[in-house]
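These are the residues of each chain, in order.
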Amino acid sequence: MDDRGGSFVAVRRISQGLERGNTCHSTSAEVVAGSTAWLGRGLSCVCAQSRESDARPSFDLTPSQEECLQRLQNRIDIAYDSSTPEHQEALRALWNAAFPEEELRGLISEQWKEMGWQGKDPSTDFRGGGFISLENLLFLARNFPKSFKDLLWKQEGDRSVWEYPFAVAGVNITFMLIQMLDLEAVKPRTIVGAVFLKFLSENESAFDLLYCITFKLMDHQWLAMRASYMDFNTVMKATRRQLERELLLEDVTRLEDMPSYTLLTRY
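Residues numbered from 1 in each chain as written. Predicted model: local features only at pLDDT ≥ 70, side-chain atom pairs only at ≥ 80, totals over all residues. Heavy atoms only, no water.

Q: Just to check I follow, could you spell out the side chain of Gln73 for this structure?
A: Relative to the assigned elements, Gln73 resides in helix H1 (residues 63-76). A relative accessible area of 13% places Gln73 in the buried class. (Helix = DSSP H or I, 4+ residues; strand = E, 2+ residues; numbered from the N terminus. Buried < 20%, exposed > 50% of the residue type's maximum accessible area, 1.4 Å probe, protein only.)

Put into structure tokens, the structure is as follows:
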């Protein structure tokens, strides 16, 4: 990552459907470097932007909602620390979920590029999302393993020649949701944020679940827009708009009622 906004790795899909153990994915790839500001502190997508003219009302919280918000904010505040055993184990668990039949040679290894990290050390990519972005990826892998594999190996739809990197996209989704829901504020200042906190007070895993919904929705939008890696920010904007619309639907009383939730559960 450089001072001009950063770099990312895009994978050119040359062949699809090749066998890797019992998992179907592309093993023939050509890695190219592109320049954009969609990673870490240099994020420039819609999730990091706001307008000074935006009205910023605030919404009062119940004691239960305040407590739930504080716990989530505590998670958000935890930076990924490669020297912490818990963080190391979580990273190994993510590898095992993605590559159950391939031994990881080290927490710093060229192998990580296969998952869509920028380089051989994933910890450098967590700056934009913190430890919670790793927890989000693990939640997706453990609770929706089919969707996790479909997203990782780009198994659905007519894919672009130049695809978005799975892991880096996952970190960006975490960051986008934190910004969209205004989760670092003392209390929500948008209707969407207030609605989400209601769901959070009823389901402690609401943020992780919304992350899973968002990742599948983003990929769905990617395919619908016939996007390539330079279109990532445009796809993220469309994803955010759709999320906000769905969260405000009158008949959505829990996250499982969102129309996009069905993307996670269909087979």
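There's more to say after this.
Q: Is there a simple way to think about the packing of aromatic side chains in this case?
A: This structure, assessed with the given rule, holds 12 aromatic pairs. Grouping aromatic residues by their ring pairs yields a cluster made of Trp95, Phe99, Trp112 and Trp153. (Phe/Tyr/Trp six-rings, centres within 6.5 Å; stacked < 30°, edge-to-face > 60°.)

Q: What's the story with the packing of helix H2 (residues 85-98) against helix H4 (residues 145-152) in this structure? I'm lost.
A: Geometrically, a packed helix pair is captured by the angle between its two axes and the distance between the axes. The interhelical angle for the contact between H2 and H4, taken along N-to-C directions, is 80 degrees, at an axis separation of 10 Å. Accordingly, the angle class assigned to the pair H2 and H4 is roughly perpendicular. Counting all contacts with H2, which are made through Leu94, Ala97 and Ala98, the residues of H4 involved are Phe148, Lys149 and Leu152. The class makeup of the residues in the contact of H2 with H4 is five nonpolar, no polar and one charged. (Axes fitted to C-alpha atoms, helices over the stretch in contact; angles between N-to-C directions. Parallel < 35°, antiparallel > 145°, perpendicular 65-115°, else oblique. Contact = heavy atoms within 4.5 Å. Nonpolar A, V, L, I, M, F, W, Y, C, P; charged D, E, K, R; others polar.)

Q: When you look at helix H5 (residues 166-180) in this model, what are you seeing that I'm missing?
A: Between the first and last C-alpha of H5 there are 21 Å, a value that for 15 residues agrees with the 21 Å anticipated at 1.5 Å per step. Extensive coverage of H5 is indicated by the burial of 14 of its 15 residues. Phi for Asp182, located one or two positions after H5, is positive at around 55 degrees. (Expected span 1.5 Å × (residues − 1).)

Q: It is not clear to me how the pattern of salt bridges should be interpreted in this structure. Could you clarify?
A: Pairing between side chains of opposite charge can happen when their charged atoms approach one another. Under the counting rule described, the total for this entry stands at 17 salt bridges. Glu156 serves as the salt-bridge partner of Lys216, at 3.1 Å between the closest nitrogen and oxygen. Pair noted here: Lys216 is in helix H7 (residues 206-224) and Glu156 is in the loop between H4 and strand S5 (162-163), with a separation of 60 residues, a long-range link. When its relative accessible area of 3% is taken as the criterion, Lys216 is described as buried. Between Glu156 and Arg266 there is a salt bridge, with the nearest N and O atoms lying 3.9 Å from each other. Taken together, the residues span a long stretch of sequence, with Glu156 in the loop between H4 and S5 and Arg266 in the segment after helix H9 (262-265) at a distance of 110 residues. Judged by relative accessible area, which is 43%, Arg266 ranks as partly exposed. (Salt bridge = Lys/Arg side-chain N within 4 Å of Asp/Glu carboxyl O.)

Q: Is there a simple way to explain the confidence of the model for the protein chain in this structure?
A: Mean pLDDT over the protein chain works out to 82, with 78% of the residues at or above the 70 mark. The weakest mean pLDDT in the protein chain belongs to strand S4 (residues 29-35) at 30; the strongest belongs to helix H3 (residues 131-143) at 98. Segment residues 1-54: pLDDT under 50, and 113 contacts once partners within four positions in sequence are set aside and those in other chains are kept. (pLDDT = per-residue confidence, 0-100.)

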